[in-house]
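Understanding the architecture of this molecule
These are the residues of each chain, in order.
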Amino acid sequence: MYDMIVVGARCAGAVTAMLLARAGRKVLLLDRAPFPSDTVSTHYVHQPGLAHLHRWGLLDELLATGCPTLTRVSLSVSDAHLTGPAPSLGAVAGGCAPRRHILDHILVRAAVRAGAEFRPRTTVLDLHWQDGVVAGIVHGTRHGTQHVERAPLVIGADGRHSTVARLARAPYLHQDPELTRTYYAYWSGLANQGLRFYLTRGAGTACMPTHDGLTVIPVAFSRTGHPIANSDRQRTYLGTLGQTSLDLERQLADARQEGPLFCCSDQPNFFRRAHGPGWALVGDAAHTKDPCWARGITDAFTQASMLADSLDMPLADHRRVGKALTDYARRLVHDFTPAYEGTLFAARMDNDRRSRELADNQHDPAYVQRCFRGFAGIPEPAPAQA
Ligand SMILES: Cc1cc2nc3c(=O)[nH]c(=O)nc-3n(C[C@H](O)[C@H](O)[C@H](O)COP(=O)(O)OP(=O)(O)OC[C@H]3O[C@@H](n4cnc5c(N)ncnc54)[C@H](O)[C@@H]3O)c2cc1C
């Protein structure tokens with residue numbers, strides 16, 4: 001018998017398990033994937049995400065893997081070219097883009113060090129119910145049989161197609177149509193110029209230096225404003241990279257794509273109800289949004305922290321636990337709605353619309369910093385007292 005079972009062991013699940021185990025809970029953490037492993041996602045982490053890692057004592061471990069901190073940002077849209085230092089946040093000098101097989105493994109190891117029991121290659125097939133309340137999970141074993149593990153709380157951190165959410169019949173509170181698709185690949189031979197964005201009508205490109213001297217370059221295409229007539233995805237990807245910036249096109253001529261092109265068309269936008277009797281959801285399972293603002297990892301850290309903090313009480317006190325989880329689920333919708341709406345606005349890729357305002361203000365360092373802070377999700381500093 002465990003206190004909590006966490007299903008899914010990446011940014012949301014491993015951190016939730018780590019924080020609960022650090023608080024003295026007996027935690028079982030399961031994932032159907034082998035670890036370390038990659039997942040289909042680029043991996044830019046904003047300053048607030050790195051600040052979480054710093055608070056949890058994991059940032060130095062991540063930086064020691066050789067992932068560069070991106071201390072400059074530039075954004076080009078039509079005639080607007082904004083560039084400047086990345087905004088800092090406490091000890092964090094900029095964002096960074098760690099490979100998921102490295103980041104997620106650091107998080108899982110931290111959960112295990114804190115005392116969580118971790119089982120990779122373990123697929124949750126069903127929920128175990130008692131008197132209408134979730135009381136555990138059913139997972140498959142290597143021998144093809146099924147096994148029940150019991151806990152008074154099952155936490156679904158199992159991504160946007162969450163099995164826990166489906167089995168618990170967690171309703172969608174809000175859904176919007178999918179707006180973009182993303183193609184990305186890794187490149188060698190590009191100098192580290194920090195985080196760069198190039199936006200055109202209906203498409204956007206980013207350059208994010210990562211481990212091993214590589215740069216991950218995604219292209220996001222609007223589903224409506226940028227019809228992909230050409231079924232040759234590699235050609236479409238390279239063609240769009242060339243169109244977004246002459247400067248980038250020149251640099252890519254001397255660079256080399258390393259490995260395959262990754263293509264993702266599965267980019268839904270929604271909030272689910274994040275709590276019910278005996279279960280809770282965190283990370284993409286609770287709330288998924290278009291990846292164009294690269295907020296999913298940072299938000300998963302924040303939500304894991306909110307969920308673990310909300311459970312600061314004896315689990316046997318069902319009334320208090322129920323109220324705490326109801327408050328967590330409400331706060332999740334309240335706190336993440338503004339960034340959700342901002343993300344949907346950006347994902348419509350109507351990039352010309354703001355280019356006049358950006359061009360008019362591109363030489364104003366205060367304006368540029370405000371833009372970069374907004375993108376990173378760093379709150380504006382309070383005005384100095386007179
Ligand atoms: C193309 C693309 C690019 C992106 N780029 C960025 C970016 O640059 N920056 C950023 O912050 N975010 C980005 N995101 C979003 C980011 O990937 C997610 O928000 C983030 O991975 C959510 O973490 P999670 O832990 O909630 O879920 P996931 O990372 O999806 O992890 C869920 C885990 O649950 C496991 N699981 C699922 N079902 C079961 C089951 N039945 N039993 C056991 N285990 C199960 C899976 O194996 C998986 O390991 C991108 C997303 C996409 C699609």
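See above for the structure.
Keep in mind that what you see is a predicted model, and the values were worked out from it rather than measured.

1. Examining the site of the ligand
Around the ligand, a shell composed of 32 residues is seen, among which Asp31, Ser41, Thr42, Asp284 and Ile297 lie nearest. In the model, an oxygen atom of the ligand is placed 2.8 Å from a nitrogen or oxygen of the Arg10 side chain. Here a nitrogen atom of the ligand and a backbone polar atom of Arg32 are 3.1 Å apart. Its atoms largely coinciding with the cavity grid, the ligand occupies the largest pocket. For the shell around the ligand, the secondary structure elements donating two or more residues are α1 (11-22) and α8 (296-310).

2. Description of the layout of surface pockets
What the largest pocket holds in volume is close to 1200 Å³. Lining of the largest pocket is provided by 50 residues; of these, Thr39, Arg100, Gly159, Arg160 and Asp284 occupy positions nearest its centre. Elements that contribute at least two residues to the lining of the largest pocket include exactly α1, β13 (180-188), β21 (287-288) and α8. For the lining of the largest pocket, the leading source of residues is α8, giving five residues. Taken together, the residues of the lining of the largest pocket break down into 19 nonpolar, 19 polar and twelve charged. Per-domain counts for the lining of the largest pocket show at least three residues from each of domain 1 (4-43 + 99-175 + 268-347) and domain 2 (55-98 + 180-266 + 349-378). In this structure, the second largest pocket encloses a volume near 810 Å³. Lining the second largest pocket we find 35 residues, and of these Leu199, Cys292, Trp293, Ala346 and Phe375 sit closest to its centre.

3. With respect to the side chain of His211
Examined against the element boundaries, His211 turns out to sit in the loop between β15 (203-209) and β16 (215-222). Using a relative accessible area of 2% as the deciding quantity, one classes His211 as buried.

4. Overview of the packing of aromatic side chains
Here a ring pair, both rings aromatic, is described through the centre-centre distance and the interplanar angle of the planes. Summed over all chains, the structure comprises ten aromatic pairs. Ring geometry for Tyr183 against Phe221: centres 5.0 Å apart, planes inclined by 70 degrees, an arrangement best described as edge-to-face. Note that Tyr183 is positioned in strand β13 and Phe221 in strand β16, a separation of 38 residues in sequence. Taking the centre distance of 5.0 Å and the plane angle of 20 degrees together, the rings of Tyr184 and Phe262 count as stacked. Of this pair, Tyr184 sits in strand β13 while Phe262 is found in strand β17 (residues 256-264), placing the two residues 78 residues apart along the sequence. Looking at Tyr184, the relative accessible area reads 4%, which means it is buried. For Phe262, a relative accessible area of 29% gives the class partly exposed. Through pairs of rings, three or more aromatic residues link up here, namely Tyr44, Phe197 and Phe375. A cation over an aromatic ring shows up here: Lys26 above the ring of Tyr2, its NZ or CZ 5.0 Å from the ring centre. The ring of Tyr186 carries Arg99 above its face, with NZ or CZ at 3.9 Å from the centroid.

5. Thoughts on the environment of Glu149
Mapped onto the elements of the fold, Glu149 is located in strand β10 (residues 146-150). Measuring from C-alpha to C-alpha, the distance between Glu149 and Tyr367 comes to 54 Å, with 218 residues separating the pair along the chain. With sequence-adjacent residues up to four places away left out, Glu149 is seen in contact with Tyr2, Ile5, Leu28, Arg119, Ala135, Gly136, Ile137 and His139. A distance of 3.0 Å separates the side chain of Glu149 from the side chain of Arg119, its partner in a polar contact. At a separation of 3.5 Å, a polar atom in the side chain of Glu149 contacts the side chain of His147.

6. Points about empty space enclosed by the protein
All chains considered together, the criterion is met by one cavity of 30 Å³ or more. As a volume, the largest cavity reaches approximately 40 Å³. If you trace the largest cavity, you find it lined by Tyr44, Gln47, Val73, Ala86, Pro87, Leu195, Phe372, Phe375 and Ala376. Element by element, the count of residues in the lining of the largest cavity is highest for helix α11 (residues 365-376), at three residues.

Here is what the cut-offs are and how they apply
- Residues numbered from 1 in each chain as written.
- Predicted model: local features only at pLDDT ≥ 70, side-chain atom pairs only at ≥ 80, totals over all residues.
- Heavy atoms only, no water.
- Near = heavy atom within 4 Å.
- Polar contact = N/O pair within 3.5 Å; in protein donor to acceptor, adjacent residues only side chain to side chain.
- 1 Å grid on protein atoms, 1.4 Å probe; cavity = no way out; pocket = protein on both sides within 12 Å on 5 of 7 lines; lining within 4 Å.
- Sits in = over half its atoms within 2 Å of the grid points.
- Helix = DSSP H or I, 4+ residues; strand = E, 2+ residues; numbered from the N terminus.
- Points joined across faces, edges and corners; volume = space filled by probe spheres on them.
- Nonpolar A, V, L, I, M, F, W, Y, C, P; charged D, E, K, R; others polar.
- Domains from an automatic or database assignment.
- Buried < 20%, exposed > 50% of the residue type's maximum accessible area, 1.4 Å probe, protein only.
- Phe/Tyr/Trp six-rings, centres within 6.5 Å; stacked < 30°, edge-to-face > 60°.
- Lys NZ or Arg CZ within 6 Å of the ring centre and 35° of its normal.
- Contact = heavy atoms within 4.5 Å.

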